[in-house]
Amino acid sequence: MPVLPGAEPYRHEGGEVGVLLCHGFTGSPQSLRPWAEYLAERGLTVSLPLLPGHGTRWEDMAVTGWQDWYAEVDRALQELLADCSTVFVFGLSMGGALSLRLAARYGDRIAGVVVVNPANKVHGLSAYALPVARHLVRTTRGLTSDIAKEGVEEVGYDRVPLHAAHSVRAFFRLVDKELPQVTQPMLLLHSPQDHVVPPADSARILSRVSSTDVKEILLEQSYHVATLDHDAERIFEESWAFIGRLAPDVEATKGSTSGG
């Protein structure tokens, strides 16, 4: 299937400092593309993969699960680790959960983690019905475009395949158990007004990680897809400052300006 316009993966060859960006459930790289380009313009090597089953049609996602999505970001991370001396992982929503699992598993090979409205749990009574409901109903309404800024749309699916939702629920439970293994410096930014992931998820993550270098920022002007919302520039600037503090020689990495 052809990829939806704007949902293409993105890769920029920059310097010795690399960043992997992980998009969210039913979303696409479009939600993180401005962030990726901001970092690329500052000379970083940037990888923003398209998760399997995403960015085309929801039917493609229905036959994928968390193992497929995690395998793709794991592959992209290994590429960055081979190319760069210092690597960070960033993520939005479920992409935050993917980033946290990478951090738990790769330890000090990852220099730091930045997560925006990270998801930790499928909430509500519907979550408990998923094991049975997914065999009776194929989809439910979509989660995309929770954005306060007028005129901005997220490229993603308007339906959620229940088989995939069941898989993401299992993934969140797995990651929650692994959170104590996360020790890297962390920047967590979240929106008090988020209609997809409640603030309780960020609070849970902050309470379970073992990181001692942690900064929490509230995104008061944005909803869930804050990377496309009013607080986008703040996210970009705070993440750049975070990288600069942990990789002080980052200015020296500026060189290649090729993108793609």
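Residues numbered from 1 in each chain as written. Predicted model: local features only at pLDDT ≥ 70, side-chain atom pairs only at ≥ 80, totals over all residues. Heavy atoms only, no water.

Visitor: What is the right way to read the overall build of the protein chain from this model?
Guide: For the protein chain, the count of helices and strands is 8 helices and 9 strands. Within the span of the protein chain, comprising 260 residues, buried residues form 56% of the whole. Residue pairs in contact within the protein chain that sit at least 24 positions apart in sequence constitute 78% of those at least 6 positions apart. Roughly 10,900 Å² of accessible area belongs to the protein chain as shown, and the carbon and sulfur atoms make up 50% of that amount. (Helix = DSSP H or I, 4+ residues; strand = E, 2+ residues; numbered from the N terminus. Buried < 20%, exposed > 50% of the residue type's maximum accessible area, 1.4 Å probe, protein only. Contact = heavy atoms within 4.5 Å. Areas by Shrake-Rupley, 256 points an atom, 1.4 Å probe, with all protein chains shown as cover.)

Visitor: In this structure, what is going on with the environment of Ala36? I would like to understand it.
Guide: With respect to the helices and strands, Ala36 occurs in helix H1 (residues 33–41). Using a relative accessible area of 0% as the deciding quantity, one classes Ala36 as buried. For the pair Ala36 and Ser47, spaced 11 residues apart in sequence, the C-alpha to C-alpha distance is 7.8 Å. What Ala36 contacts, discounting residues up to four positions off in sequence, is Tyr10, Leu21, Val46 and Leu48.

Visitor: Hey, could you run me through the nonpolar core in this one?
Guide: Counting residues in each nonpolar core, the largest one holds 44 residues, and the members touching the most others are Leu20, Phe25, Trp69, Leu77, Leu100 and Leu102. If you list the elements that add at least two residues to this core, you get strand E2 (17–22), helix H2 (58–61), helix H3 (66–83), strand E4 (86–92), helix H4 (94–106), strand E5 (112–116), helix H6 (162–178) and strand E8 (186–190). When near neighbours in sequence (up to four residues on either side) are disregarded, Phe25 contacts His54, Met61, Trp69, Met94, Leu143, Val160, Ala164, Ala165 and Val168. Residues Val17, Leu187, Ile217 and Ala247 belong to the second largest nonpolar core, which totals 34 residues. (Core = buried A, V, L, I, M, F, W, Y, C linked by side-chain atoms within 4.5 Å.)

Visitor: How do you make sense of the sheet that holds E8 when you look at a structure like this?
Guide: Neighbouring strands of a sheet are bound in pairs by backbone hydrogen bonds; such pairs are parallel or else antiparallel. Taken in spatial order, the 7 strands of this open sheet run E1-E3-E2-E4-E5-E8-E9, and their pairing is mixed. Only two strands of the sheet have a single partner each, and these edge strands are strand E1 (10–12) and strand E9 (214–218). When strand polarity is set aside, the average angle formed by the axes of neighbouring strands in this sheet is 15 degrees. Note: E4 against E5, 5 bridges, orientation parallel. (Pairing = 2+ DSSP bridges. Axes fitted to C-alpha atoms, helices over the stretch in contact; angles between N-to-C directions.)

Visitor: Where do I start with the packing of aromatic side chains in this structure?
Guide: Given two aromatic rings, one states the distance between the centres and the angle between the planes to describe the pair. With the rule as written, the count across this model stands at 7 aromatic pairs. With centroids separated by 5.5 Å and ring planes inclined at 40 degrees, the aromatic side chains of Tyr38 and Phe236 adopt a geometry described as tilted. Highlighted residues: Tyr38 in helix H1 and Phe236 in helix H8 (residues 232–246), separated in sequence by 198 residues. Overall, Phe236 belongs to the buried group, its relative accessible area being 3%. Of the aromatic side chains, those joined through ring pairs into one cluster are Trp35, Tyr38, Phe90 and Phe236. The ring of Tyr38 carries the charged tip of Arg42 above its face, separated from the ring centre by 3.5 Å. The lysine or arginine in question, Arg101, covers the ring of Tyr70, its NZ or CZ lying 4.7 Å from the ring centre. (Phe/Tyr/Trp six-rings, centres within 6.5 Å; stacked < 30°, edge-to-face > 60°. Lys NZ or Arg CZ within 6 Å of the ring centre and 35° of its normal.)

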